[in-house]
Structure formats: structure tokens, C-alpha cells
Amino acid sequence: MIRIANGQGFWGDSLEAPLEQIRRGPLDYLTLDYLAEVTMSILQKQRSRDPRAGYARDFVEMIGRGALDIASSGLKIVANAGGVNPDTCREAVAKAINHRGTRIGVVSGDNILDRLDDLIGRGVALKSMDTGEPLESIRSRVQSANVYFGGEAIAYALAQGAQIVITGRTTDTGLVLGPMMYEFGWKADEWDKLAAGTIAGHTVECGAQCTGGNCQVDWQTIPDMASIGYPIVEAEPDGTFVITKHPGTGGRITVASIKEQLLYEMGDPREYITPDCIADFTSIQLEQVGPDRVRFSGIRGKPSTDFYKVSISYSAGFKAIGALMYSWPDAYAKAKAADAILRQRLDRLGLRFDAVRTEFGGVNACHGSLAGEPAPDIAEVMLRVGVRSNDRAAVERFTKEIAPLALNGPPTVTGLGSGRPKVEEIVAYWPALIPKTEASPEISVEET
Amino acid sequence: MARVKLVEIAHARSGDKGDTSNVGLIARKPEYYPVLLEKVTPERVKRHFAEICLGGVQRYELPNLGALNFLLHESLDGGGTLSLKADAQGKTYSAALLRMEIEIPDELVPKDSIRG
């Protein structure tokens, strides 16, 4: 049995969680997921300004703080912290670990930004999986393009003796599957086992979201959320595993909490497609085998496809969102009146927007009219207005029209403490497929 | 028969993929799953979310988990970074689905039901 922990569900997750995972009990692996779809474009921008940037600095800081424990325990660490600059990330990690003889592996080759024109020229259209349009239609606005590699490349780096594996864009699930493939010698066509490792990865990839975080079922009684434990996979060579957490930590792992996470970001449950396999979520059998222990068995998988998924980001205009808070009496009526006044002023200025959206926090921002009419004496309502346009100047002007409402609109309004809202560049996401023959991971392992 | 809100017999979690939101609906007890299967049809869910979901609704069954997975297409104002919604990732749509009222046999009404 090997113990594989998750210490990070996204870039921005708890800084303490990975260190708690390391210090509270024995582990074989710590995995950390830093890359969301939009993260790659942010990192690409950072790198274009500074050739030494473009990776998850939080990871380097974590390694620095945990260096003594990591070096002395032999714990292995797998993280997609490399972003668009995994080699520079390795240099920073080597410095942070400050221990001679540590083998650090890098999985790269996922960044195909420089190859896009060549690929399109050779007929790889990289059509949007959402709309079917070819990439050509937004080619000039592309900011990043990364292939999702799977667990196999990570297993290969581990087989070369890496204690720390830093990847660019790999799948979240591959971070957990890779160590299982390596430790148990699973072959790349043992589909049921690969599916089991993939589902283990899916379960823990969002950190505490499977240990009682963001859990609807009986959330009021989940103990000690302030010290919530992050998940640990206890994996067996036959593909069964238990999801648990360190003793003494908060949160709760039950069949119900696990089910919620299994369904998170789910499409067709019989066809969960990764570069490694296709996992069938309808084959999962769950059993509570102890307090905070849920066992998975029966998992089936199918052969992987001939394609990798590519995550492409592109510039798609500008947006800004502003908010004002109106208090009792007539809070909702005031917020609605302010919205009408703002829209009249925007119209009069002749500003063109692709979308103007108004929501009333406390009334309908989450559920629309499903929430029903608010109480007539509602204590306060937040007016939230957003605009979107390709014309940056129009969005900029909007930000200057919302603030004056504090003085020249309906009364008892507050909430402009931080001033005018900011104009944001919209970086949109273009999912596409690329034949596996067109991209392959590059793996290198070096000793500090 | 008795009328109950789904929140009494199910729990849920939702997330996003582009402009599509997925809502996983899970029976709190095994005996509730057949009721969900019969009553919470894709057509019913589309009507429930008419204002939010501008595209179609697909439903997938996970009998092993006593759960249904719904895909709500075109429900996130373009999705991800494009969206102007406070809930651009549909994280609260799970709770929005739990507002739905369905008819269930009297013997299935939870004992601690606010209506029971």
C-alpha cells in the first residue's frame, strides 16, 4: 500500500495545507495541483514580461518551508507547478530545498505556443471543442497553448529516480495516477487500474472538497473546519483504494461527501476521458470502512483515445464589474432605481457593450427568479453591474459612471471604499484536440 | 402523495466546463433514487432553470451512487472569464436545483421533514 496525499486543490488554496500533510503523518507522495484553465495564460503573460517567471511561486515557497522534512523523510512530491517555465521552476526548487543529491524531474513539451502556425499549416485545425470553429479564427489573439499530458510521463520521471517531479500542463488526475503506475508497475494498457488511479486523482484533486469542504450534506455538523484535513489516497496494487485524512484533523469523509466530489465537474460519467484512459464512474463501488475512511472498488476503464486535449487561451475583450450596497428602507427599490439611472447614463453616452448584466445581491444574484421576491423590509441589497465589450474605452468609461451614483443617485448607499472598479482583460478558453502523434512529453531528471 | 422540496431528500454539487454547468444530484437514501429518476427528468430541469439555462439539458444516471448528473448548456453567460455573473462557475446551481418541488409517496417523506 502507498499513501498519496493532496496538499493543494488550486493555485490560491491554503498555504499551510501541504505542510500539514507532510508533518502530521507518514506519506509516500504529496501531490499539488496549481493549474486551472486560466492560470496558464496568466503565467504566459508573466513570462513574456520576465523570462524567469511563469511558474507557481507558492510551490517554491512551500518547498523552502518544508525543506528539512522533505529531505529527511524521502517523501516524493509531484506538482504541476512548472506552468509555462518548468525548467526555471526546477532551478528555484533546487535552491529552496538546499540539499545536495536531491533528484528533481521535469515533465515539459506541453507548451505548443511556438508550434501553432506549423500545426495549422499542416492541417491540424485545433477546432474548438465547444463551437467547432478552427483556431485560425482567433489565431492572432492566442496567449497560451498547452497540451494536457497524463500520468505516464510522471511515472517515467519517477522511474528515473526523481524525488520531486515538476510538470507543465498535466492533468490533475495524472498527478496521482503517475505514482501508482510507477510504484505498482501498471502497464499503459491496464485500463481498469488506470481508471482506478484516475478516479482516485479526480477525488482528491480539489483538496478538501472531498473531506468536508463545500459539502452540502449535514454541513452544520462537520467538525473543526478550521483545521480541515486534506485527502490521502491509500492505494493498493489491485486498483482498490481508501480515501482518508490524517487523524486529529477536522472535516469529515463519508460516502456522501465523496459522492459530491465524484460528481464535481462531471460530464458523461461513463466517458471520463483523460490521456491515460477512459474511466467509467458508473462502475465505482463505495463503502464506509471506518471513521473518515471510504473504500473504492470495482472500477472499470476503457482504452484511451488517440488525442490529447489542448488548453488554449486567447484575448477576448474587456469587462468590469462594480457594486454598491443599499440599506433599508426600500433597499431593493433603491438598488433597482440606481440600476435604471446608470443604464440611462450609459445609453446617453452612446457606449456600446456586448453585454450589460445587473444582479441584486441578497435577492437574485445566485438563483435568479427561482429565489422569489425578497421580503419588503429586506435589510440591504447589493447592486452589482457588469459590462463586457471589445472596446476598452467603453468599459473604462463605465467604471467612471458607477462611482458617482454614491452621491448623485438614490440614498443610503455605501460600498465604494476601494474606489472605481478595475477594467479586466478577458482571457477566454479554447479547448481543442491534437493527435497524440503531434506532441510528446519531454522528461529530464537532474540531481542538485 | 406529499409535496417536498428536493433539498429534503437529496444533496448536490455543481461546477462548470466552459458555458455548461453540471449539477450532480444525490439521493440521501437509496429509496429516494427511483423517485429522483422518475420525477427529475431533463425536461423538468430545463423548465426549472428556464431563466438560467438557455441551451439544452442532458441527464446521466449513476445508479451505483444513487445519483443523477445534469448538464445545463449555455447557462453561465459565456462561462469562465467571459461571464459577468457573480456565480460565473455555477457553484450555487446545485442549491438552485434543490429548490425544485416534487410529489413523493407519503411513506417516503422524511420524518424530520418541515412538512411531514
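Here we summarise the structure given alongside this text. (Residues numbered from 1 in each chain as written. Chains lettered and ligands numbered in written order. Predicted model: local features only at pLDDT ≥ 70, side-chain atom pairs only at ≥ 80, totals over all residues.)

Remarks on the overall build of chain B
Thought 1: Each helix and strand in chain B was counted, giving 3 helices and 6 strands.
Thought 2: In chain B, the succession of α and β elements from N to C terminus is β-β-β-α-α-β-β-α-β.
Thought 3: Over its C-alpha atoms chain B spans a radius of gyration of 14 Å, differing by no more than 12% from the 13 Å that the globule rule assigns to 116 residues.
Thought 4: Its C-alpha atoms put chain B at 45 × 30 × 20 Å along the principal axes.
Thought 5: Buried residues in chain B amount to 50% of all 116 residues. (Helix = DSSP H or I, 4+ residues; strand = E, 2+ residues; numbered from the N terminus. Rg over C-alpha atoms; globule rule 2.2 N^0.38 Å. Buried ≥ 20, exposed ≤ 12 C-beta atoms within 10 Å, placed from the backbone.)

A look at the sheet that holds strand β13 (residues 300–302) of chain A
Residues and elements named next belong to chain A.
Thought 1: With antiparallel pairing, the 3 strands of this open sheet are ordered in space as β9-β10-β13. With one partner strand each, in any of the chains shown, β9 (272–273) and β13 form the two edges of the open sheet.
Thought 2: Each of β10 (278–280) and β13 is contacted by helix α8 (residues 191–204), which is oriented at about 110 degrees to β13, the strand it contacts most. (Pairing = 2+ DSSP bridges. Contact = placed C-beta atoms within 7 Å. Axes fitted to C-alpha atoms, helices over the stretch in contact; angles between N-to-C directions.)

Some remarks on the environment of G361 of chain A
Thought 1: As for its placement among the helices and strands, G361 of chain A is situated in strand β15 (residues 355–361).
Thought 2: With 52 residues separating them along the chain, G361 of chain A and K309 of chain A place their C-alpha atoms 37 Å apart.
Thought 3: Setting aside residues no more than four positions away along its own chain, G361 of chain A makes contact with V381, M382 and R384 of chain A together with A86 of chain B.

Topic: helix α10 (residues 331–348) of chain A
Residue and element names in this part refer to chain A.
Thought 1: In this model α10 runs 26 Å from its N-terminal to its C-terminal C-alpha over 18 residues, within 8% of the 26 Å that 1.5 Å per residue would give.
Thought 2: Buried within α10 are the following residues: A331, Y332, K334, A335, A338, D339, L342 and L346. Down the axis of α10, the buried set is contained in an arc of 160 degrees. They therefore lie on one face. What points out from α10, more than 90 degrees from its buried face, is the exposed set A340, Q344, D347 and R348.
Thought 3: Residues of α10 that are buried in the fold lie against β14 (307–327), β15, β16 (380–389), α11 (392–402) and α12 (405–408).
Thought 4: G350 occupies a position one or two residues after α10 and carries a positive phi of about 70 degrees. (Expected span 1.5 Å × (residues − 1). Arc of directions from axis to C-beta.)

Some words on the interface of chain A and chain B
Thought 1: Every contact between the two is made by 41 residues of chain A and, on the other side, 30 residues of chain B.
Thought 2: The class makeup of the residues in the side of chain A that touches chain B is 20 nonpolar, 10 polar and 11 charged. (Nonpolar A, V, L, I, M, F, W, Y, C, P; charged D, E, K, R; others polar.)

So, the packing of helix α6 (residues 151–159) of chain A against helix α7 (residues 174–184) of chain A
All names here are of chain A.
Thought 1: Remark: α6 packs on α7, axes separated minimally by 7 Å, with the N-to-C direction vectors making an angle of 50 degrees. What the angle tells us is that α6 and α7 run oblique. The two elements α6 and α7 meet at a crossing, and its hand is right-handed. For the pair α6 and α7, the contacting residues are G151, E152, I154, A155, L158 and A159 in the first and G174, L175, L177, G178, P179, M181 and Y182 in the second.
Thought 2: Split by residue class, the contact of α6 with α7 holds 9 nonpolar, 3 polar and 1 charged. (Parallel < 35°, antiparallel > 145°, perpendicular 65-115°, else oblique. Left-handed = near helix turned anticlockwise from the far one by under 90°.)

Here we look at the packing of α7 of chain A against α8 of chain A
Residue and element names in this part refer to chain A.
Thought 1: At their nearest, the axes of α7 and α8 sit 7 Å apart, and the two run at 140 degrees to each other. On the basis of their axis angle, the class for α7 and α8 is oblique. Note on packing geometry: the crossing formed by α7 with α8 is right-handed. From α7, G174, L175, V176, L177, M180 and M181 reach across to α8, where they touch L194, G197, T198, A200, G201 and V204.
Thought 2: For the contact of α7 with α8, a count of residues per class yields 8 nonpolar, 4 polar and no charged.

Remarks on the sheet that holds strand β19 (residues 442–447) of chain A
Residue and element names in this part refer to chain A.
Thought 1: As summarised here, the arrangement of the 10 strands in space is β11-β12-β8-β7-β1-β2-β3-β6-β4-β19, forming an open sheet in which the pairing is mixed. Strands at the two margins of the open sheet, each flanked by one partner only, are β11 (285–290) and β19. Recorded for the sheet is a direction-independent mean angle of 20 degrees between the axes of neighbouring strands.
Thought 2: Strand direction decides the pairing type here: strand β2 (residues 29–32) and strand β3 (residues 76–79), joined by 4 bridges, are parallel. Counterpart to Y29 in the pairing with β3 is K76.
Thought 3: Against the sheet, helix α4 (residues 86–97) makes contact with β4 (103–108) and β6 (164–167), and its axis sits at roughly 165 degrees relative to β4, the strand it touches most.
Thought 4: Along the sheet, α8 contacts β1 (2–6), β7 (232–235), β8 (241–244) and β12 (293–297); its crossing angle with β8, the most-contacted strand, is approximately 5 degrees.

A short note on unusual backbone geometry
Residues and elements named next belong to chain A.
Thought 1: In the segment running from W328 into P329, the intervening peptide bond is cis, with an omega of 0 degrees.
Thought 2: Relative to the helices and strands, P329 resides in the loop between β14 and α10.
Thought 3: The phi dihedral of D292 falls on the positive side, at around 55 degrees, and the residue is not glycine.
Thought 4: Note on placement: D292 falls in the loop between β11 and β12.
Thought 5: With 22 C-beta atoms counted inside 10 Å, the residue D292 sits in the buried group.
Thought 6: Even without a glycine there, the phi angle at D330 is positive, about 60 degrees.
Thought 7: Tracing the backbone through its elements, the reader meets D330 in the loop between β14 and α10.

A word on the pairing of strand β2 (residues 10–17) of chain B
All names here are of chain B.
Thought 1: Burial analysis of β2 places 8 of its 8 residues in the buried class, which makes it a mostly covered element.
Thought 2: The two faces of β2 match: A10, A12, S14 and D16 on one face and H11, R13, G15 and K17 on the other face are all buried.
Thought 3: Sheet topology places β2 next to strand β3 (residues 20–27); 8 bridges connect them, and they run antiparallel. Across the sheet, G15 pairs through a bridge with N22, a residue of β3.

Focus on α7 of chain A
All names here are of chain A.
Thought 1: Most of α7 is tucked away, with 9 of its 11 residues classed as buried.
Thought 2: Considered for burial, the residues of α7 that qualify are G174, L175, V176, L177, G178, P179, M180, M181 and Y182.
Thought 3: In the core, the buried residues of α7 are packed alongside β1, β2, β3, α6, α8 and β7.
Thought 4: G185 occupies a position one or two residues after α7 and carries a positive phi of about 65 degrees.

Some thoughts on the environment of A331 of chain A
Residues and elements named next belong to chain A.
Thought 1: Within the secondary structure, A331 is located in helix α10.
Thought 2: Residues A331 and P410 lie 79 residues apart in sequence; the distance between their C-alpha atoms is 9.7 Å.
Thought 3: In this view, A331 contacts Y326, I378, A379, E380 and V381; residues no more than four positions away in its chain are not counted.

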